[in-house]
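Each chain, letter by letter, is given below.
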Amino acid sequence: MPPMGLCYLAGALRQTGADCRILDLAARIPEFSYAEQRDDINDIVAQELGEQPALIGIGPLVTATLRATQMIIRSCRAVSEAPIVVGGPLCAVPGVSTVMREYLQPTWYIAGDGETPIVELWSAMRSGRAPSAPGLASPEQREPAPYREVDLDALALPARDLLHEGYRASARRSSGNGHGTVTPAFLSRGCPYSCTFCAAPLSAGRTVRRLSPAAISRELADIFTLGYDHIVFYDDCLFIRSPQLDSRVLEFTDALQVSPWRGTFQLELRCDAVVALSSAALEALQAAGCIQINMGIEKAHVDTLALLQKRLSPEIARAAIERLRTTRIRAAGTFILGGPGESRSHVEQTIEFALSSHLDFAHFNPLAIYPGTRLFSDVYGTAPNWLDLCLDPTIAPNGDILWAGPQMAMAELVGLLADAYRRFYTTGRLDRLKAKLRANEIAPLSDAYTVLGESRATSWRHLSTSDPKGGVC
Ligand code: B12
Ligand code: SF4
């Protein structure tokens, strides 16, 4: 998926007359693995940078990209004297100033939303004054509070056009599912929930800020002009269970109708919102082109869900899946295996829940412990140096700190995870899914089923041979 955060920044900078380019190094070096040190990285960065830039931005910074970001900063410095600014979700985590000072050493970094701060940085650079903006700091300065754009309507459209000619998209969630060309989109920022494992509200805030219907139509018109067929709305909480749920959905589907764009889309929704939707709202979503709803189900136990403050029960998850069964909208669920209070039998029951459900897609992941979250402080206390944990290959083998409890070793968990994928993606389930598919989707989704069943777990397999320590509550 292309980095949309960079598209937003480029959109904002272009309004000041700046000329921007987006280089997707994940696409340039697709075989790059987390712990790798590459001798050729300087050459690749020099080639990709091309003409001397005036300002280099690197991101989005997440725990899994810490090492790569350090490598890229060094390579940029080897060929360019331009100031370097880093941004992304990890910059909003308390303690990040230590990472900036001791590890990454960029010229600047931005915590939270980047549009206003980067425009101020650029303007200050051009007029030769010291920049000063909320969210913006140099490594030596005091750690800034994350900045949040107040009015999303006032933002420039994300510069998706920069992802066209000459742009090589990184490979995650490719468009090979019969959907045609795909773009991510965001119509809101923020999440009011407090799931203890989730880092999203840290960077995007707890207040949900939304685009107005007019701004939604404007963005869809742009997506239409650029020729995208399918949109993945990645919003954390585009619609939540609330008295306004139905009216917000209908406002959104009306905005879709008003725009020239016609295509298919998928969105992320909490299970309780799926259950609370009226039939009219669900039908409106389907009529507007919704072909998939992605739900974070996580676990099959009230107790372990409560420990993570997910505010969800397995009954609600089952009701949400049932709700979608009779529609043409595919139901996708993500599950987290392992965590506080979990034994092997809990994990097995979560897998059984997925297998016995009418979900069309399921994703199984080990529990990651992101710095700044409540789960992190439950495990590691309030003020540790989280950089050291993220760089410790036995604790964070892929860059994310993984949960490994005394009750279950990582190797055992990875074995269960691989087995879950294999048992979920069966021909019987595929046959049922085909009833929801259009003719052109059947072949690519059949292939996707094979890949998911056989290879989706391979990215975790090396963890079954190393012996990650993980965090223990
Ligand atoms: C869509 C999404 C993805 C997509 C696309 C990611 C991408 N490369 O853009 C996919 C599915 C590929 C993905 C993958 C992963 N993701 Co993700 N993802 C998200 C999600 C839902 C939205 C991100 C987004 O695009 N938001 C919209 C844009 C506008 O916001 P933004 O990216 O934050 O950008 C703004 C600022 O951060 C800042 N900014 C961003 N980049 C830059 C760069 C510069 C130079 C500057 C100055 C500022 C800046 O300005 C932007 C505009 O305001 C977030 C949740 C969330 N709400 O943030 C999780 C999230 C960012 N992902 C997360 C994780 C862990 C991952 C993975 C590591 C998962 C995995 N184990 O494989 C990978 C890492 C991929 C990568 N290399 O970045 C975590 C990060 C937690 C952490 N502290 O590390 C989050 C917060 C979710 C969570 N679980 O808590 N992800
Ligand atoms: S998991 Fe979803 S609902 Fe929970 S805090 Fe994260 S984004 Fe919000």
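This is a predicted model, so every value here is computed, not measured.

1. Observations concerning the sheet that holds strand β4 (residues 136-137)
Thinking step 1. In space, the four strands of this open sheet follow the order β1-β2-β3-β4, with mixed pairing throughout. A single partner strand is all that each edge strand has here, and the edge strands are β1 (56-58) and β4.
Thinking step 2. Bridge count for β1 against strand β2 (residues 84-87) is three bridges, and the pairing is parallel. Within the sheet, the bridge partner assigned to Ile56 lies in β2 and is Ile84.

2. Section: the environment of Glu81
Thinking step 1. Within the element layout of this structure, Glu81 appears in the loop between α4 (66-79) and β2.
Thinking step 2. Separated by 27 residues in sequence, Glu81 and Ala54 have C-alpha atoms that sit 8.5 Å apart.

3. Quick notes on the sheet that holds strand β12 (residues 361-366)
Thinking step 1. Here we have six strands laid out as an open sheet, ordered β5-β8-β9-β10-β11-β12, and parallel in their pairing. The open sheet terminates on both sides in strands that have one partner only, identified here as β5 (182-185) and β12. Taken pair by pair, the neighbouring strands of this sheet meet at an average axis angle of 20°, ignoring direction.
Thinking step 2. Bridging between strand β10 (residues 290-298) and strand β11 (residues 330-337) involves six bridges; their strand directions are parallel. Following the sheet pairing, Met295 is matched in β11 by Gly333.
Thinking step 3. Strands in contact with helix α14 (residues 344-356) are β11 and β12; relative to β11, the strand with the most contacts, it is inclined by about 175°.
Thinking step 4. Relative to β12, helix α17 (residues 410-424) is tilted by about 175°, and along the sheet it contacts β11 and β12.

Rules behind the numbers
- Residues numbered from 1 in each chain as written.
- Chains lettered and ligands numbered in written order.
- Predicted model: local features only at pLDDT ≥ 70, side-chain atom pairs only at ≥ 80, totals over all residues.
- Pairing = 2+ DSSP bridges.
- Helix = DSSP H or I, 4+ residues; strand = E, 2+ residues; numbered from the N terminus.
- Axes fitted to C-alpha atoms, helices over the stretch in contact; angles between N-to-C directions.
- Contact = placed C-beta atoms within 7 Å.

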